[in-house]
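Each chain, letter by letter, is given below.
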4 protein chains.
Amino acid sequence: MSDYFPKVSKIKYEGPDSKNPLSFKHYNASEKVGDKTMAEHLRVAVAYWHTFCGTGGDPFGDQTMFRPWDEGGSDMEKAEKRLQAAFEFFTKLGVEYYCFHDRDIAPEGKDLAESNARLEKMCNMALQLQRDTGVKLLWGTANLFSNPRYMCGASTNPDPHVFAYAASQVKKMLEMTKMLGGVNYVFWGGREGYETLLNTDIERELDHLAKFLQMAADYKKEIGFEGQLLIEPKPKEPTKHQYDFDAATVIGFLKANGLDKDFKLNIEANHSTLAGHAFQHELATASANGMLGSIDANRGDLLLGWDTDQFSTDIYDAVAAMTVVLDQGGLAPGGLNFDAKVRRSSTDVEDLFHAHIGGMDTFALALKIAWKMKQDGILAKNIADRYAGYNSGIGAKIESGSATLKDMEEFVLANGEPKLVSGRQEMLENLVNQYILDLSR
Amino acid sequence: MSDYFPKVSKIKYEGPDSKNPLSFKHYNASEKVGDKTMAEHLRVAVAYWHTFCGTGGDPFGDQTMFRPWDEGGSDMEKAEKRLQAAFEFFTKLGVEYYCFHDRDIAPEGKDLAESNARLEKMCNMALQLQRDTGVKLLWGTANLFSNPRYMCGASTNPDPHVFAYAASQVKKMLEMTKMLGGVNYVFWGGREGYETLLNTDIERELDHLAKFLQMAADYKKEIGFEGQLLIEPKPKEPTKHQYDFDAATVIGFLKANGLDKDFKLNIEANHSTLAGHAFQHELATASANGMLGSIDANRGDLLLGWDTDQFSTDIYDAVAAMTVVLDQGGLAPGGLNFDAKVRRSSTDVEDLFHAHIGGMDTFALALKIAWKMKQDGILAKNIADRYAGYNSGIGAKIESGSATLKDMEEFVLANGEPKLVSGRQEMLENLVNQYILDLSR
Amino acid sequence: MSDYFPKVSKIKYEGPDSKNPLSFKHYNASEKVGDKTMAEHLRVAVAYWHTFCGTGGDPFGDQTMFRPWDEGGSDMEKAEKRLQAAFEFFTKLGVEYYCFHDRDIAPEGKDLAESNARLEKMCNMALQLQRDTGVKLLWGTANLFSNPRYMCGASTNPDPHVFAYAASQVKKMLEMTKMLGGVNYVFWGGREGYETLLNTDIERELDHLAKFLQMAADYKKEIGFEGQLLIEPKPKEPTKHQYDFDAATVIGFLKANGLDKDFKLNIEANHSTLAGHAFQHELATASANGMLGSIDANRGDLLLGWDTDQFSTDIYDAVAAMTVVLDQGGLAPGGLNFDAKVRRSSTDVEDLFHAHIGGMDTFALALKIAWKMKQDGILAKNIADRYAGYNSGIGAKIESGSATLKDMEEFVLANGEPKLVSGRQEMLENLVNQYILDLSR
Amino acid sequence: MSDYFPKVSKIKYEGPDSKNPLSFKHYNASEKVGDKTMAEHLRVAVAYWHTFCGTGGDPFGDQTMFRPWDEGGSDMEKAEKRLQAAFEFFTKLGVEYYCFHDRDIAPEGKDLAESNARLEKMCNMALQLQRDTGVKLLWGTANLFSNPRYMCGASTNPDPHVFAYAASQVKKMLEMTKMLGGVNYVFWGGREGYETLLNTDIERELDHLAKFLQMAADYKKEIGFEGQLLIEPKPKEPTKHQYDFDAATVIGFLKANGLDKDFKLNIEANHSTLAGHAFQHELATASANGMLGSIDANRGDLLLGWDTDQFSTDIYDAVAAMTVVLDQGGLAPGGLNFDAKVRRSSTDVEDLFHAHIGGMDTFALALKIAWKMKQDGILAKNIADRYAGYNSGIGAKIESGSATLKDMEEFVLANGEPKLVSGRQEMLENLVNQYILDLSR
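Remember, predicted model here, so these are calculated numbers, not experimental data.

Across its full length, chain A carries 16 helices and 14 strands. For 441 residues, the compact-globule formula gives about 22 Å, and the C-alpha radius of gyration of chain A, at 24 Å, lands near that figure. Taken along its principal axes, the extent of the C-alpha atoms in chain A is 85 × 60 × 45 Å. A fraction of 77% describes how many contacts in chain A between residues 6 or more apart in sequence connect residues 24 or more apart. For chain A, the exposed surface amounts to about 14,200 Å²; the carbon and sulfur share of it is 49%. Chain A carries 48 positive and 63 negative side-chain charges, and their two centres are separated by 3 Å.

In many analyses, interface size is given as the accessible surface area lost on bringing the parts together. If you look at the interface, chain B gives 95 residues, while chain A gives 95 residues. A per-residue breakdown of the area chain B buries against chain A is headed by L198, Y387 and L405 of chain B, which together make up 10% of the total. Summed over the shared surface of chain B and chain A, the result is 8 salt bridges. Across the salt bridge formed by E399 of chain B and R204 of chain A, the nearest N and O atoms sit 2.8 Å from each other.

Moving on, we get to the relation of the copies chain C and chain A. Here the two chain copies are tied together by a rotation about an axis and a shift along that axis. Its rotation angle being 180 degrees, the transformation that places chain C on chain A also includes 0.0 Å of axial translation and leaves an RMSD of 0.0 Å. Such values leave the two copies arranged in the relation of a two-fold axis. With an isologous cut-off of 70% or more, the 100% of interface residues of chain C that recur at the interface of chain A puts this contact in the isologous class.

Looking at chain A as a whole, the pLDDT averages 97, with 99% of positions reaching at least 70. ipTM for the predicted complex: 0.96, alongside a pTM of 0.97.

Residue and element names in this part refer to chain D. Among the 6 residues that make up strand β12 (residues 263-268), 5 are buried, leaving the element largely enclosed by the rest of the structure. Sheet topology places β12 next to strand β13 (residues 292-296); 4 bridges connect them, and they run parallel. Each bridged residue has a counterpart across the sheet, and for L265 the counterpart in β13 is L292.

A separate point is the pattern of salt bridges. Under the definition given, this model contains 132 salt bridges over all chains. A salt bridge links E108 of chain B to R149 of chain B; the nearest nitrogen and oxygen atoms lie 2.5 Å apart. Of this pair, E108 of chain B sits in the loop between α4 (102-105) and α5 (112-133) while R149 of chain B sits in the loop between β7 (136-141) and α6 (160-179), and the two are 41 residues apart along the sequence. The class of R149 of chain B is buried, set by a relative accessible area of 5%. One connected set of salt bridges, linked through shared partners, spans D102, R103, E108 and R149 of chain A together with E417 of chain B.

One way to put it is that helix α7 (residues 202-223) of chain A packs onto helix α14 (residues 393-400) of chain B with a least axis distance of 9 Å and a crossing angle of 75 degrees. The orientation of α7 of chain A with respect to α14 of chain B, classified from their angle, is roughly perpendicular. In this structure, α7 of chain A uses R204, D207, H208, K211 and M215 of chain A to contact α14 of chain B, whose residues at the interface are I398, E399 and S400 of chain B. Along the lines of polarity and charge, the residues of the contact of α7 of chain A with α14 of chain B split into 2 nonpolar, 2 polar and 4 charged.

Burial analysis of helix α10 (residues 279-288) of chain D places 8 of its 10 residues in the buried class, the great majority of the element. Turning to α10 of chain D, its buried residues number three or more, namely F279, H281, E282, L283, A284, T285, A286 and S287 of chain D.

Residue and element names in this part refer to chain A. Taken in spatial order, the 8 strands close into a barrel running β5-β6-β7-β8-β10-β12-β13-β14, and their pairing is parallel. Strand-to-strand, the axes of this sheet are offset by a mean angle of 30 degrees, without reference to chain direction. Relative to strand β8 (residues 184-187), strand β7 (residues 136-141) runs parallel, the two being bridged by 2 bridges. Bridge pairing in β8 links T141 to V186. The sheet contacts of helix α10 (residues 279-288) involve β12 (263-268) and β13 (292-296), and relative to β12 the element is tilted by about 170 degrees.

Here we come to the side chain of H101 of chain C. Checked against the element boundaries, H101 of chain C lands in strand β6 (residues 97-101). Judged by its relative accessible area of 8%, H101 of chain C is buried.

Another aspect to go through is the side chain of K236 of chain D. In this fold, K236 of chain D is placed in the loop between β10 (228-231) and β11 (241-242). For the buried K236 of chain D, no salt bridge is present, and the opposite-charge side chain at shortest range is D301 of chain A, 7.9 Å distant. A distance of 3.1 Å separates a polar side-chain atom of K236 of chain D from the backbone oxygen of L303 of chain A. Contact partners of K236 of chain D, with chain neighbours within four places excluded, come to L303, L304 and W306 of chain A, G276 of chain C together with Q242 and L274 of chain D.

Let's shift gears to the nonpolar core. Among the nonpolar cores identified, the biggest contains 284 residues, and F90 of chain B together with F90 of chain D are the most heavily contacted of them. Core analysis: the next-biggest nonpolar cluster, separate from the first, contains 282 residues, I231, L254 and A370 of chain A together with C123 of chain C among them.

Opposite the 49 residues of chain C that make contact, chain A presents 50 residues. Approximately 4,000 Å² of surface area, both sides summed, lies buried where chain C meets chain A, with 48% of it carried by carbon and sulfur atoms. Across the pair D348 of chain A and R424 of chain C runs a salt bridge, and its minimum N-O distance is 3.2 Å. Between the two partners, chain C and chain A, sit 28 residue pairs in polar contact (both at pLDDT 80 or more). Secondary structure elements with two or more residues in the side of chain C that touches chain A: α11 (315-327), α12 (349-376) and α16 (425-438) of chain C.

Turning next to unusual backbone geometry. Of note, the bond from E237 of chain B into P238 of chain B is cis; its omega dihedral lies within 30 degrees of zero at -10 degrees. One non-glycine residue, R424 of chain A, adopts positive backbone phi at about 55 degrees. In this structure, R424 of chain A sits in the loop between α15 (405-415) and α16 (425-438). Positive phi values are uncommon outside glycine, yet D309 of chain B reaches one of about 50 degrees. You can see D309 of chain B is positioned in the loop between β13 (292-296) and α11 (315-327). Owing to a relative accessible area of 6%, D309 of chain B belongs among the buried residues under this scheme.

Under the criterion given, the structure shown has 96 aromatic pairs over all chains. Put simply, the rings of Y4, F5, Y48, F52, W69, F87, F89, F90, Y98, F100 and F353 of chain A touch in pairs and so form one group of aromatic residues. Residue placement shows R149 of chain B over the ring face of Y165 of chain B; its charged tip is 3.7 Å from the ring centre.

To continue, consider the environment of A364 of chain A. Residue and element names in this part refer to chain A. Checked against the element boundaries, A364 lands in helix α12 (residues 349-376). The sequence separation of A364 and F163 amounts to 201 residues, and the corresponding C-alpha distance is 41 Å. For A364, the contacting residues outside a window of four places in its chain are H26, Y27, M38 and L42.

Right, let's get into the state of the cysteines. Taken as a whole, this structure holds 0 disulfides over all chains when the rule is applied. For C123 of chain A, which is in no disulfide, the shortest distance to another cysteine sulfur is to C53 of chain A and amounts to 13 Å.

Residue and element names in this part refer to chain D. Here helix α11 (residues 315-327) contains 13 residues, and its C-alpha end-to-end distance of 18 Å stays within 8% of the 18 Å for a straight helix at 1.5 Å per residue. Within α11, 10 of the 13 residues are buried, leaving the element largely enclosed by the surrounding structure. Listing the buried residues of α11 in full gives I315, Y316, A318, V319, A320, A321, M322, V324, V325 and L326. In this structure D314 caps α11, since a side-chain oxygen of it lies 2.9 Å from the backbone nitrogen of Y316. Backbone geometry just after α11 places G329 at a positive phi near 85 degrees.

Residues and elements named next belong to chain A. Mapped onto the elements of the fold, P6 is located in the segment before β1 (12-13). Residue class for P6 comes out exposed when judged on its relative accessible area of 57%. Residues P6 and T347 lie 341 residues apart in sequence; the distance between their C-alpha atoms is 16 Å.

This brings us to the packing of helix α8 (residues 247-256) of chain B against helix α10 (residues 279-288) of chain B. All names here are of chain B. Between α8 and α10, whose axes approach to 9 Å, the crossing angle comes to 25 degrees. When the axes of α8 and α10 are compared, the pair comes out roughly parallel. Contact with α8, carried on its side by A247, A248 and I251, involves E282, T285 and A286 of α10 and no other residues of that element. Partitioned by chemical class, the residues of the contact of α8 with α10 number 4 nonpolar, 1 polar and 1 charged.

Definitions and cut-offs
- Every chain begins its residue count from 1, and numbering advances along the sequence as written.
- Labels are handed out in written order, letters beginning with A for the chains and numbers beginning with 1 for the ligands.
- Totals for whole chains, interfaces and linings use all residues, but because this is a predicted model, local features are given only for residues with pLDDT of at least 70 and pairs of side-chain atoms are given and counted only at 80 or more.
- Only hydrogens and water are set aside when side-chain values are computed; all heavy atoms of the structure are taken into account.
- Numbering goes from the N terminus for both helices and strands, where a helix is a DSSP run of H or I of at least four residues and a strand is a run of E of at least two.
- Here the radius of gyration uses the C-alpha set of atoms, whereas the globule reference equals 2.2 Å times the residue count to the power 0.38.
- Contacts are assigned to residue pairs that have any heavy atoms within 4.5 Å of one another.
- Only the protein chains shown count as cover for residues, with accessible areas throughout obtained via the Shrake-Rupley method and a probe of 1.4 Å.
- Counted as positive: Lys and Arg. Counted as negative: Asp and Glu, with His and the chain ends omitted from the count.
- For charged residues, the charge sits on one atom: NZ in Lys, CZ in Arg, CG in Asp, CD in Glu.
- Defined here as a combined quantity, buried area equals the accessible surface (1.4 Å probe) lost by two parts on assembly, summed across both.
- The term salt bridge refers to a side-chain nitrogen of Lys or Arg lying within 4 Å of a carboxyl oxygen of Asp or Glu.
- Least-squares fitting of one copy onto the other uses the C-alpha atoms of those residues that reach a pLDDT of at least 70 in both copies.
- Confidence scores labelled pLDDT are given residue by residue by the predictor and lie between 0 and 100.
- Only protein chains enter the area calculation, which uses a 1.4 Å probe; residues under 20% of their type maximum are buried, those over 50% are exposed, and those in between are partly exposed.
- If DSSP finds at least two bridges between two strands, the strands pair.
- Simply put, an axis is a line fit to the C-alpha atoms, just over the touching stretch for a helix, and the angle between two N-to-C directions goes from 0 to 180 degrees.
- Reported orientations rely on four angle classes, namely roughly parallel under 35 degrees, roughly antiparallel over 145, roughly perpendicular from 65 to 115, and oblique for the rest.
- In the scheme used here, Gly and all other residues not listed as nonpolar or charged are polar, with Ala, Val, Leu, Ile, Met, Phe, Trp, Tyr, Cys and Pro taken as nonpolar and Asp, Glu, Lys and Arg as charged.
- Each polar contact in these results corresponds to two N or O atoms within 3.5 Å; when the atoms are within protein, one needs to be able to donate a hydrogen and the other to accept it, and residues that are neighboring in sequence are counted only if both atoms are side-chain atoms.
- Side-chain atoms within 4.5 Å link the members of a nonpolar core, which is a set of buried Ala, Val, Leu, Ile, Met, Phe, Trp, Tyr and Cys residues.
- When the centres of two rings from Phe, Tyr and Trp lie within 6.5 Å, Trp using its six-membered ring, the rings pair. Their planes under 30 degrees apart give stacked, over 60 give edge-to-face, and anything left gives tilted.
- Two limits define a charge over a ring: the Lys NZ or Arg CZ must be within 6 Å of the ring centre, and within 35 degrees of the ring normal.
- Cysteine sulfur atoms are paired as a disulfide whenever they fall within 2.5 Å.
- Take the number of residues in a helix, subtract one, and multiply by 1.5 Å to get its expected span.

This is how it looks when you write it as structure tokens:
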């Protein structure tokens, strides 16, 4: 085993009173919440790109994080050291899953053949490390946005040559994900969108996007990959008009193209708020359509206009998320991928542990709170009561689809004005606050 | 004829050199642009609510506009004076269309029966005024958001009694719109959304919304109304999470519920930008789906977070809009409804004329610019060339739907890296600026 | 005593386990936190306008809240009933303070003389109720934005006649605030700004604003009013460019006009976020300048672009605020004014209690958490250590003002490159979360 | 002379009818507008960093622009080729000015001494090229944000060693700017701000910032540099809370620290809108305080939340800007620095010309429009008339500072209610549109 984090031992659960910042206060992997352990509920994954490839560079400045695994050697040697560091990190942190893009673990070669060979080599090494440690792959994905060839889109590029290149990367990564026992595969259309309609044919681009996804779904079946395919909506970045703007847009697109049986959604907190939606709205929209597959658990800064990808330590957001997850009976085979990065000035490798500990503790506590709320059933009963008018009479007739506008007019002429009923939002918010702020007693 | 605007005569086209602010500089109704007149292209409508019912009230202050038609008399007498003022305005301005909500022209009565009777009375008066003046109804709609009964939604209200009330209003307004020869009917779901998931069942609410629209589509057929049904997307206001967030969301919803043959979209500029999209993006998205039915032509303030409903005087926006309209072969039976209001301190009735003149002139000039751009064909050719790779070879195979990931990989292994080709955005923006800033020479 | 809230008895502290929604879980007025009681720390005030004058109207709909004190009688009779209801509410809730605008408690008369007489009458009644109940006035203010005369500004109106009217209202309300023993007086420049530079002379308007504030400061001294004068910054609403955009802008303006000894700031959470700042940033900015006078405690919705004025139940925001307050040694004579309104569909009078209870509990718990953090001193020590380099050597020379660019260059040439030191943001966020989520144990 | 742009000859003015995209349609350097030439009015500068150092990298992708001057050789050899390319570009474009950061033209060395030596070498080369071509330096500046040492601020860094490093860079660049005859020197506090108050002492940081600026102002005098010192406000990026948020904040800070005689402001369009202000608001605010020194002419995308730095082709913005500039009698010694970059997919060197031509043409036309508006005087007269009430009587007394609240009350009691007067915003907007859309006829 490598030793890239010499100051950090295996992170232990020490309970909420611990003064040790390198311990879990709430996350206790084997603790049962209902009939499943915390680990089974949360299915936490580390995001390879941020945690092992991130350098602290931003549009205004250079690298601030100089990692020991990046010192010396060829690109492939660095890639190997990085992979060892990653599994050391996973093991010390005690997570069961990780996620990666093809180009995160293997540097691009001089051409596709070399890139594929490098990727295969690194995946074989990852497979061995998975076996050694028990860590598993939550999802794989292909990076179809960093290389300059994708500057005008991948599958929505005006040049079919670029489409073909993107498709080739997906082919290889589907194979690799299958080999590694990955339980999902994610499409994030980083450059699938447009900057200006002055040079764009959106009808044609959307058609190409659908063709691309169809090819991937077909190939998945061809090779017998049984993981779930996921699309991750995101607005505004990096392309001004992203085709996968939000959950509703993606669901509509999938249904319009007959792809809704093949794909579910991977919902990210920060992408939700960039689209002008609450995180919980996006989760609930996906879930209501039976399409919530997995979660990118992070946090944005609503006063800033880009994807800050912060670690989620907001208990309100986490409780809202876990409520949707529990309501749909869990997230598997999806999980909580911590698609988050330490701040640019958090330059020590120990900061990577602090960050993940904070996020995991927050979601662990949120799980317990959401579970208690669900068990108590007060909120669910309140909602059921509120809509009870639709369970019989004119309401039931409306829901049956047999009512007409004439029926409606007759009903109102006979029954007059409806009564105003308070929605009780403040009382309900207080109730949730009581659960959140008092559970640990 | 009434005389509510004594200082204003019939507004005439006087050309771009005129110093008369109460004249058109570009809008010349009968001037041909291609094979249609400006009036036939633009189909301008006045929005009854803003122009005749607006009082200047805002969340921080009371009425600033004291209109002569609101002085003295019962509510119904005021309504009659208001209608006369409106047709005097339409006639002096020289527009062919107007749009209204049921409650704009007839005040709500003590119950539905009285409200319906009042509405019928006012519509009969409107019919006579239409015959007298030649002005026509672009669209009718029902106000399902102002009355307190709709505080928690209309068709998405937890109480089916409220659903029934809303449906009754739609029934009556469909009948009235038919009687008045209206060529469209609009649904804006002002309160169709939710404030908090703590008291909301979104699955059930979305189901009710679909049922509601289906009833309306059925009733339309039953009574033989031949106008186009339209849905107007809007995010964030007045309900935090509006179900009709944007064009893509609405299109997805309509298709998922089998309603996409019955409805098209009415796209508003300010609603587009509130959703985080360019106006042209929403127009193009609707048009690409064959669902751009009509336009609410106004302008927002992108530095403010609400629907400012300003009159559109931005030539860039107007050219972008007219480009989409010309590309799809026109907007009929839809039109350009000036869903805009004068600023709160523009307190004179003459300001209503200034505002409409500014908007009409801007769209008239935009029509001529967009027409010229389309005739020249440079931009269209540039786009066609950019995607030419999809017309044959591997591109054509992709578009045919017969290509596989393996084909893609073979192609790339054989053909190597694609070339980077500049998207030329700046050159294209300069070209558009040249059309915009030089046409009048 | 009136009986407008028959279902509500005096709200009691019942502790965090109580299932009674009409009880305090954390707010315990007489409980000591350090050397002061909770009530002395928090100085909670009810905002008269939202709680007793609010009707639920919004830009898209009419009144939803029909209050018993608004039924029947003349305007002045209603005003008297409203005032009785208010003091019943204050007493049952157990707060010590309230705040009001002149026009909240007394309806405007046919001219200034009558308006002043009405205001005096109502203030005399308020004085008696204050004596009867022990409730006190945190601050008074004049409404210089609702009446149409203020549509283009009050002190910044192009017409000096309007300036004079606004000044007359301020004169009277300074007198009334003094009579009622108010301990502060607030200026919120609701319409002090501009919509378009096409009709605005900002130099002249800013000069008039300064003159106006100077007159008020002079008159305060003349009548011997000893309360603190406060300015409340707000951006964007209702005027597009508000002159009092944020704390830094107001502080700069006051200093430039020699008014910074006469005024402090009243910082509102929702106004902070509308300006693009964190609530805590605005508090800290005011406090760092010695100018944090009072707080409007509410909450905005960062996904919406206007002042939603929600009751604050976010423990993170409340802890951040109380941290700044404790760091400057308290807020007196200022306090926490709950400038917040129940949601439009919270239509029962009981909702007013739920809302205030939620806000008061949140700030009470936040006070305890912030106090604990301050006592432990860990965060303060961390900050002090981080800047320790400025306590001696080159750092001390810089702070002394005696260092030059040449000194700096010499130092670097001698000492080389500085070391990168992690800012530890994630670890600190975890630490705060631990305080917040575990305190009640 | 180098030949890095072989496809581009000297750009000529060919007038608005030209079909040649590589020609000016409106910018005609020697054309007189009033008593000055266009070149004298506009003082256009090219921004070295974007145009010669930009690579097309963004947070999601690598370099897309592979420039001939970056091929082969050592870092210093590349720097020399880049400088030659730059002067070739300036000359072919026909601009008179450029701007640069120290690190743009000379790569950082192994320590400060080497960095300074490299900078001197490159500045000597630049001086020779300036002499050869007649191109001049509008302003110099030091890059105090890219190097990792500045990750927690430059002058506001917790470590005085970093402060000293930043100060050393400023010292050298003040010297170099003087040597090159630069007529301004700019401070943009890229990292002067904070990410979280959990680790920040804002009082101390603001004090250090003031000390830093004072040292620079002192050294300027010491070395006899006669250029204007400028501060460039910017919010949100790269640091969440930037101390130089907007014009009002910076002006307040300068005045509070006695620095307002030494500094003026450099206002950027995109920074203005990120702060929630119209570009013209920021220009007007600076100008009203006598502190508008120079302009960074670019354009943001108001639907995106970061600094997109697009070339300004919006005629409305440009007219608004030139109106403020003409109203204050010009911008010299400041100018219009095109702080803008071509889009990431505009990968050809020719795109750099298209972009600058578009921006220069837009501002040239805007100059002519704004000049015409000023000559006609209609808008200015309208504003003067609107405030005429302050020229005599009670208005004059208010402006004199001798009026009291009692005077105001007496006036209102005697004169009653003011009259509502329309602000005529729509008519004025139409008038501006008429100037903009018709001038070229």
